[in-house]
Amino acid sequence: MKKRLRLDVQSDGMDGAVGRFARELISSGEVDRVFFPQFDESGVAVYGTLVGCAEDLSAPASLVPYINGNKGREAGMGVPKNGGRRTAVFVRPCEARAIVELSKLMQAYRDSMLLVTCDCPGTLTLDEYKRFREEHPEAREGVDGFYEPFRRGERHDGYTVRECCTFCESLAHPESDIRLLLVGAPDGAVVVEAATEAGEQALAKMAMENSVDVDETVRERFAESQRECHAEMESHWDERVKSVEDFMELVQHCRRCYNCRAECPICYCRECVFQTATFEVSQEAFGRRADQFCVVKMPPDTLVFHLTRMNHMVTSCVSCGQCTEACPQKIPVGKIFSAVGRRVQEVFEYRAGADPADELPQAVFREDELEPR
Amino acid sequence: MEATVNEKTPAGRSEPETFEPRIIAFVCNWCTYAAADLAGTARIQYPPNVKIVRLMCSGAIDPIYVLRALTGGFDGVLIGGCHPGDCHYQTGNYKARRRVTILQKILEGVGYDSERVWLRWISASEGGQFAATVSEMVESLKSRGPNVLTHNWNK
Ligand code: SF4
Ligand code: SF4
């Protein structure tokens with residue numbers, strides 16, 4: 001039985017309670033720093049912050065239903081190698097998955113982190129978040145209300161979550177050290193679960209009520225509905241993309257602005273090949289292409305761009321959907337990469353972001369596998 | 001970086017009956033390239049549809065080369081490497097196999113016919129095998145028809 005503590009939600013709301021817990025981790029000496037999402041002075045914008053002093057974690061926003069990009073990469077930037085789990089990192093499951101993948105690429109150090117993730121009902125697009133905040137100038141009651149149906153294992157209908165969240169399969173991240181359970185949690189509480197030995201140790205000295213229960217049937221019901229939504233997305237993809245022309249229709253309007261690549265936590269190259277001389281087309285070369293094909297689109301190589309990005313990172317796509325958020329042309333990039341990524345990952349029985357021990361499919365091979373033999 | 005065929009090929013002009021697939025072959029210097037050479041010196045007949053590009057190893061294949069070829073006017077891409085265990089650099093062919101598998105799965109995922117990309121092991125002594133592979137690929141591509149990407153400018 002995993003160790004589960006009760007974190008009481010007081011007048012500071014759920015976000016406040018989680019903030020309190022994070023401060024406690026610092027002040028008890030369990031960690032030196034925390035990486036934690038906080039409101040800036042406006043009380044609206046949310047950023048990841050690296051906090052060294054407990055009292056400066058004063059505007060906690062880890063449950064506000066908006067994430068300003070996938071913070072997995074930023075957490076990776078702020079936690080040094082061989083840090084001995086001295087930084088607690090509070091992120092969403094898709095961000096934790098990015099951390100696991102980036103660790104394999106040595107662009108984050110998962111082993112230096114005390115990884116803390118929450119049950120996630122999905123987050124809002126920036127526009128939806130703005131509406132949410134207009135309706136709830138006081139973030140605290142808005143947040144607690146937002147999570148109410150979720151805690152009962154239901155999907156909320158008042159606000160539309162981002163497209164990738166609608167087919168997300170992870171209620172909680174399996175490889176975190178500590179998980180904050182909300183679905184099936186008793187009223188007025190967030191349940192803090194130690195999921196690994198490191199998590200267990202960190203919680204050992206916490207002055208919180210021990211061994212609370214969560215309603216597992218509610219959790220299972222929600223997980224089941226997630227699996228159904230994912231399966232629906234997959235079958236929809238199969239119907240929608242029957243030929244490469246269908247695919248080209250999905251990415252039509254692409255400006256090749258590279259925003260999707262810039263926002264992707266997994267796109268790990270320091271210098272993208274598309275921004276090197278390799279893909280610079282000279283005036284002469286454009287002319288030759290026009291002569292050869294009679295007509296050439298500008299900017300060219302939309303298909304080569306998307307398929308190459310896939311070749312580089314789709315085995316590690318964590319389906320966070322930040323590419324979709326970043327796309328000025330409203331291309332469902334995250335859905336595309338998730339659907340294709342799943343097919344490729346299946347070949348290698350690989351799940352991006354799940355298990356740090358699984359090797360990157362691109363980085364290894366076996367002698368007796370695949371075709372031709 | 002240009003990977004296009006030389007002839008001017010105005011949009012949609014080739015009739016299905018006269019369709020001659022264009023193949024680009026990326027072949028390893030130590031095996032398939034020598035096999036192609038051998039096929040030539042031994043005067044083994046094979047269709048002239050293939051243009052050969054020599055790589056130092058099948059493991060040097062970058063998916064960008066393949067994608068550029070498929071959007072640049074070729075109907076099929078053949079990648080030739082040494083048989084498992086025979087790679088001049090020990091493991092390049094195994095890496096190529098992973099890379100090509102990933103590429104093929106991606107192509108399938110976006111609705112493209114991944115059978116236009118072939119990876120085959122052909123050793124330096126297998127001139128006949130090289131010729132047979134090219135003939136087989138030409139037949140396969142003829143039955144598949146022209147590459148839809150060649151004359152689609154919105155790519
Ligand atoms: S963000 Fe959108 S428009 Fe820009 S390159 Fe990516 S898919 Fe194309
Ligand atoms: S491709 Fe999109 S969904 Fe996948 S990891 Fe990158 S940003 Fe997230």
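Up top you'll find the structure we're talking about.
Here is what the cut-offs are and how they apply
Residues numbered from 1 in each chain as written. Chains lettered and ligands numbered in written order. Predicted model: local features only at pLDDT ≥ 70, side-chain atom pairs only at ≥ 80, totals over all residues. Heavy atoms only, no water. Axes fitted to C-alpha atoms, helices over the stretch in contact; angles between N-to-C directions. Helix = DSSP H or I, 4+ residues; strand = E, 2+ residues; numbered from the N terminus. Parallel < 35°, antiparallel > 145°, perpendicular 65-115°, else oblique. Left-handed = near helix turned anticlockwise from the far one by under 90°. Contact = heavy atoms within 4.5 Å. Nonpolar A, V, L, I, M, F, W, Y, C, P; charged D, E, K, R; others polar. Pairing = 2+ DSSP bridges. Core = buried A, V, L, I, M, F, W, Y, C linked by side-chain atoms within 4.5 Å. Buried < 20%, exposed > 50% of the residue type's maximum accessible area, 1.4 Å probe, protein only. Near = heavy atom within 4 Å. 1 Å grid on protein atoms, 1.4 Å probe; cavity = no way out; pocket = protein on both sides within 12 Å on 5 of 7 lines; lining within 4 Å. Points joined across faces, edges and corners; volume = space filled by probe spheres on them. Domains from an automatic or database assignment.

(A) Inspection of the packing of helix H13 (residues 302–313) of chain A against helix H2 (residues 63–71) of chain B at higher detail. Packing of H13 of chain A against H2 of chain B leaves a shortest axis separation of 10 Å and a crossing angle of 155°. The pairing of H13 of chain A with H2 of chain B is recorded here as roughly antiparallel in orientation. The way H13 of chain A lies across H2 of chain B gives a crossing that is right-handed. Counted together, Leu-303, Val-304, Leu-307, Thr-308 and Asn-311 of chain A of H13 of chain A and Pro-63, Ile-64, Leu-67 and Thr-71 of chain B of H2 of chain B form the full contact between these two elements. Considering only residue class, the contact of H13 of chain A with H2 of chain B consists of six nonpolar, three polar and no charged.

(B) Representation of the packing of H13 of chain A against helix H3 (residues 92–109) of chain B. Two numbers describe how H13 of chain A lies on H3 of chain B: the axes approach to 10 Å, and their chain directions differ by 135°. Classed by the angle they form, the pair H13 of chain A and H3 of chain B counts as oblique. In this structure, the crossing between H13 of chain A and H3 of chain B has a hand that is right-handed. Here H13 of chain A contributes Leu-307, Met-310 and Asn-311 of chain A to the contact with H3 of chain B, which in turn contributes Ile-102, Leu-103, Ile-106 and Leu-107 of chain B.

(C) Molecular detail of the sheet that holds strand S1 (residues 23–28) of chain B. Residue and element names in this part refer to chain B. A sheet is described by the order of its strands in space; here four strands give the open sequence S2-S1-S3-S4, paired in parallel fashion. The open sheet has two edge strands, strand S2 (50–55) and strand S4 (117–121), and neither has a second partner. If you compare each strand with its neighbour and ignore which way they point, the axes differ by 20° on average. The pairing of strand S3 (residues 76–81) with S4 spans five bridges and is parallel. Looking at the pairing, Gly-81 lines up with Trp-121 of S4. Along the sheet face, helix H1 (residues 32–41) touches S1, S2 and S3 and points at about 115° away from the line of S1. Seen against the sheet, H3 touches S3 and S4 and runs at an angle of roughly 160° to S4.

(D) How the structure looks around the nonpolar core. Grouped together as the largest cluster of nonpolar side chains are 70 residues, with contacts concentrated most on Phe-247, Leu-307, Met-310 and Ile-336 of chain A. Dropping the residues within four chain positions of it, Phe-247 of chain A is found in contact with Trp-237, Val-241, Leu-303, Leu-307, Met-310 and Ile-336 of chain A together with Val-110 of chain B. One finds Leu-5, Val-31, Val-161 and Ala-202 of chain A within the second-largest nonpolar core, a separate group that totals 52 residues.

(E) View of the site of ligand 1. Taken together, 14 residues surround ligand 1, and among them Cys-254, Arg-255, Cys-257, Cys-260 and Cys-327 of chain A come closest. Residue assignment for the shell around ligand 1 shows that the elements contributing at least two residues are helix H11 (259–263) and H13 of chain A.

(F) How the structure looks around the layout of surface pockets. All names here are of chain A. Space inside the largest pocket adds up to approximately 450 Å³. Along the wall of the largest pocket there are 25 residues; nearest its centre are Arg-97, Glu-169, Ser-170, Arg-342 and Arg-351. Among the elements of the structure, helix H9 (216–240) and helix H15 (333–347) are those that each provide at least two residues to the lining of the largest pocket. Residues that form the lining of the largest pocket fall into these classes: eleven nonpolar, eight polar and six charged. Taken domain by domain, the lining of the largest pocket gets at least three of its residues from each of domain 1 (4–228) and domain 2 (241–363).

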